[in-house]
Structures are given as structure tokens and as C-alpha cells.
Amino acid sequence: MKKIIVLLTFMSLGCSLAQGNKISLEVKENIKSRIAVGDNVGIVVGYIEGDDIEYFSFGKTALENGSPVDENSVFEIGSISKVFTTILLADQVVQRKMKLSDPIGMYLPKEVKVPSSNGTVITLKDLATHSSGLPRLPSNMNPKNPNNPYADYTVEQAYSFLSGHQLRRDVGASYEYSNYGMGLLGHILALHTNKSYEKLMVERIANTYGMEHTRVGFTKAMKEKLAKGHAFGQEVENWDLPTLVGAGGIRSTAVDMIKFLKANMDGESPMAKAMQLSHKLGYSNDAQNFEMGLGWHYATGKIIWHNGGTGGYRAFTGFVEGSNKGVVVLTNSIESVDDIGLKILDATRKLKTPKKKEEKAKLQLPEELLEKYVGVYELAPTFSITVTREGTKLFIQATGQQRFEVFASGETEFYLEVVEASITFNTDESDEITSLTLHQGGQHVPGKKVK
């Protein structure tokens, strides 16, 4: 799902009953530490090895008045929805109702113009492997509510973008992760089957495997078990993706996701042929040293995986190829849990060490200097940081997120207390502010001042 670069919690502790010892003590203590220092609000892990299933849960469904999370708590799984989408595609291929080599134009209204490159058309397989040349997000996405950014993006807008878009690279030339492309694939599957994406997914996957709490829309039971999403210590809205739902619109539980993993590893399950087709090599690029299946990504140690994230959630799921070992990790926070899932599948991997935020000296800068930093800084076509001032306080607000105060550690250097991130304002030769650089997670992302 959409990765929000910036901005990528504190609470009383809550823990469900301990369950078995297949999830190591090291992992469990690491999870407890993440909750204790406020990195995450709640974390649920599900592990399957053959017929043995173990869950471990810690934390709460909400910072305020939350109950302990458990394996039946409902989370947004974000981009893990993409492998549901590619399995639905593989299912159509297995049934000989579609071909991976089919041009996507075959399934779209005639008035929609599909871009091509040097005579090469975009196929269903290109969408399923992020090799279509389509961008991560469409440029005509201007949400009325940044805290639910996909909610008002329409089919008409999706068609308009596709018809007017010129590919920046040749079809198949390279891997470029595309929420738009995978959302378009989900839309095509709905058109082709004459069913909504949710109805198709529930009919072919959720109902087939008894996944009662895996849906796009919330059922009454799901609402009652919802773990509320959080970002930077505050509860945030759930995301809705009516048009690009296949890219990240599914909600689920650890119990249901374990059923999903078991089905993916079971060669005799009803959807086994489609699932196994989705695991097979779908795209490779020697220049990028990259390989992936249909939707699924590959990691060393023969791990097949996908992660996900929305405005208040992160998720990871994966399994070891040719084995009966699989894991799902869900959190109602925006702090990644990928390392937990990978550690459980491969004991040689390292876990992140949670650390309490260190107190930093807060400088008081004059208002006239702070005023120079006010403006809008574009880090990507659909992602910007807006800087505002109130007296001697400076605030930043990223696209789709809440506003937070930043604190000066130097004349041009500022840091956040809600997350491990900092910002440097850059000047030109005439001492005018021209850009900022976001420092987070080992990345240094520039943003040009556009207003």
C-alpha cells in the first residue's frame, strides 16, 4: 500500500494469554519493548508450522480505552491485499478465462486509451508484477480528506489518468511498485467477472477458507473487534479504497490470515493451483537483481512475502517456500513489523531494537527566521510537506497525515518528538530557502519548495 515516508506511541500494557513456545522469547520480549516505548500500540503475531498454530498478542486496540489485542482483532492489511488480487487473477488463468499475456485494453471500456511503449502493450502480467511502467500513484489524485486519501478517487479519474498518461519507461523494462497498477488490476477483475471486487474475493478466497472476518467493508462483528489505527500517538481514520481496492482495501485478522497462509502452503486446497501459480517466478530483471512472483516478493532464505501499510496500520505475511512454516504480523501503528515476521521465518535475521526517544536540547529561534521556512515542499508528485508557524513554534503536516510540531536543534535543523525523523532546510546562494531534506529510517529525501 502507499508508503508515507514521513511521520514512513505511549500506553498502558495489555497482553493476551501466552500461547506456546514456537514464537521465540526473543521475539516476544522485543514486541513487549516496542509497546512499552511507544513504537507500536498493539501487535499480533500468528505462526503456523504444519498443523501447529501459535499466536502471541501484546498491547491494546486503542491508546484510549482500548482492550487487549488478540488473534481475532481486526486490522487493515494494506498492500497484502495485492496478493489476494493476484491470486484472483491466477484463478481466472487456471480456469482459462483470462491469460497473463492478455493486453489490459481487452478488459477496459473502448473509450479508455491504454499507453504503450515502442509497440509493446501493458498486459495483465505486467500489472501483477509491477513492471507495467505505470507510476506508484496517479497524478490526478487530489483527496478532499487527506486522512482518507483514496476514498474519493473515482473510476472516471482512474480512466482519465490512464488515457492521458505517457509511460516514463518501456513496459517490462524495470520493476516499479505501483498501487495504481494493482488497483487497476483489481478493477479489471471486477469488470471481467461482473462482480464487485469484494464479492469476488469473498466468494473465491474468504468463504472458501472460512475467513469470516476478511472483508473490504466492515461487518458488525468486525467493527466490534477493530483495532483502531494510530500514527504518532494519535488515533487516525480507517482508509477506504473504492476504486483501487485491489491495491490495499482488505481488512482481516491473524486467525483468518493463518488460514490464508495454510491454503497457500497446501497443495491440495481448493485454490491450490491458482495460489501456486502466484508464487512462481513472474518477473525478473538482471540489471535490478530482482525477481518476484505474481504480487508476491522473494527474500533470501526462500521466503515468499508481502507487507502492507495504511494511515494507521502495518502488516507482514510470508512463508518459506516448500515448507509448512508461515507467519503473519499485524499492528495498529505505522511502525514497521517486517523484521519480526522475517526473524520468525529466519532465525539468523536481526530484530530492530526499540529505544526511548532521547531528550534533545530545544533551541528558541526568532519568529522572522522561522517565517522563512513556511511553505509547501514537494517530495513526490502526490506527497508534500506543508510548513506553518504559530509565533515561535514551527509545524509540519505531510500529505494524508496530521500536523505536528518540530523542534530546532540548529538554525536549519529540526526534529520531531513523535517519530525518529528530522528535517534540514536548504538555502541557495542568496540565502533563500529552496528545499528541505527529510531524514528518516536511513533515507534522506529532498523536497523542493513549491509555494
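This one's a predicted model, so the numbers in the text were calculated from it and none came from an experiment.

The rules behind the values
- Residues numbered from 1 in each chain as written.
- Predicted model: local features only at pLDDT ≥ 70, side-chain atom pairs only at ≥ 80, totals over all residues.
- Heavy atoms only, no water.
- Core = buried A, V, L, I, M, F, W, Y, C linked by side-chain atoms within 4.5 Å.
- Buried < 20%, exposed > 50% of the residue type's maximum accessible area, 1.4 Å probe, protein only.
- Helix = DSSP H or I, 4+ residues; strand = E, 2+ residues; numbered from the N terminus.
- Contact = heavy atoms within 4.5 Å.
- Polar contact = N/O pair within 3.5 Å; in protein donor to acceptor, adjacent residues only side chain to side chain.
- Phe/Tyr/Trp six-rings, centres within 6.5 Å; stacked < 30°, edge-to-face > 60°.
- pLDDT = per-residue confidence, 0-100.
- Pairing = 2+ DSSP bridges.
- Expected span 1.5 Å × (residues − 1).

**Overview of the nonpolar core**
Generally speaking, nonpolar side chains in soluble globular proteins are found buried as a group. Counting 77 residues, the largest nonpolar core has Phe 84, Tyr 180, Leu 184, Ile 188, Ile 205 and Phe 260 as its most contacted members. In terms of residue count, the dominant contributor to this core is helix α8 (residues 254–265) (seven residues). In this structure, Phe 84 is in contact with Ile 77, Tyr 197, Met 201, Ile 205, Met 211, Thr 214, Ile 250, Met 257 and Phe 260, ignoring residues within four places of it in sequence. Within the second largest apolar cluster, 29 residues are counted, among which are Ala 398, Phe 404, Leu 438 and Val 445.

**Observations concerning the side chain of Ser 131**
Mapped onto the secondary structure, Ser 131 falls in the loop between α3 (124–128) and α4 (155–164). Residue classification places Ser 131 among the buried residues on the basis of a relative accessible area of 1%. Within the structure, Ser 131 has its side chain in polar contact with the side chain of Thr 129 (distance 2.8 Å). The residues contacting Ser 131, other than those within four sequence positions of it, are Asp 126, Val 171, Gly 172, Ser 174 and Tyr 283.

**Points about the packing of aromatic side chains**
If you walk through the whole model with that rule in mind, you get 13 aromatic pairs. Aromatic side chains Tyr 175 and Phe 290 sit 4.1 Å apart centroid to centroid with 40 degrees between the ring planes, which places their arrangement in the tilted category. Here the residue Tyr 175 occupies a position in the loop between α4 and α5 (179–193), and Phe 290 occupies one in strand β8 (residues 290–292), the gap between them amounting to 115 residues. Measuring from centroid to centroid gives 4.3 Å for Tyr 373 and Phe 425, while their planes differ by 10 degrees, and the two rings are stacked. With a gap of 52 residues between them, Tyr 373 in the loop between α11 (367–371) and β13 (375–380) and Phe 425 in strand β18 (residues 421–427) connect regions that are remote in the sequence. Note on accessibility: Tyr 373 and Phe 425 belong to one class, buried. Here the aromatic residues Phe 84, Phe 260, Trp 296 and Phe 319 are joined through ring pairs into a cluster of three or more.

**Some words on the confidence of the model for the chain**
Residues with a pLDDT of 70 or more make up 93% of the chain, whose mean pLDDT is 91. Note that residues 1–19 has pLDDT below 50 and, in this model, 86 contacts with residues that lie over four places away or in other chains.

**Thoughts on the pairing of strand β12 (residues 325–331)**
Burial analysis of β12 places six of its seven residues in the buried class, the great majority of the element. Of the pairings in the sheet, the one linking strand β1 (residues 42–49) to β12 comprises seven bridges and is antiparallel in character. Paired with Gly 46 across the strands is Val 328, a residue of β12. In this sheet, β12 lies alongside strand β11 (residues 314–320) in antiparallel orientation, the contact comprising six bridges.

**Brief notes about helix α2 (residues 81–94)**
Here α2 contains 14 residues, and its C-alpha end-to-end distance of 20 Å stays within 8% of the 20 Å for a straight helix at 1.5 Å per residue. The element α2 is largely enclosed, with a buried count of twelve among its 14 residues. Regarding α2, the residues found buried are Ser 81, Lys 82, Val 83, Phe 84, Thr 85, Thr 86, Ile 87, Leu 88, Leu 89, Ala 90, Asp 91 and Gln 92. On the buried face of α2, the contacting elements are α3, α5, α6 (197–206), α8, α9 (272–279) and β10 (303–309). Arg 96 lies just past α2 and shows a positive phi near 65 degrees.

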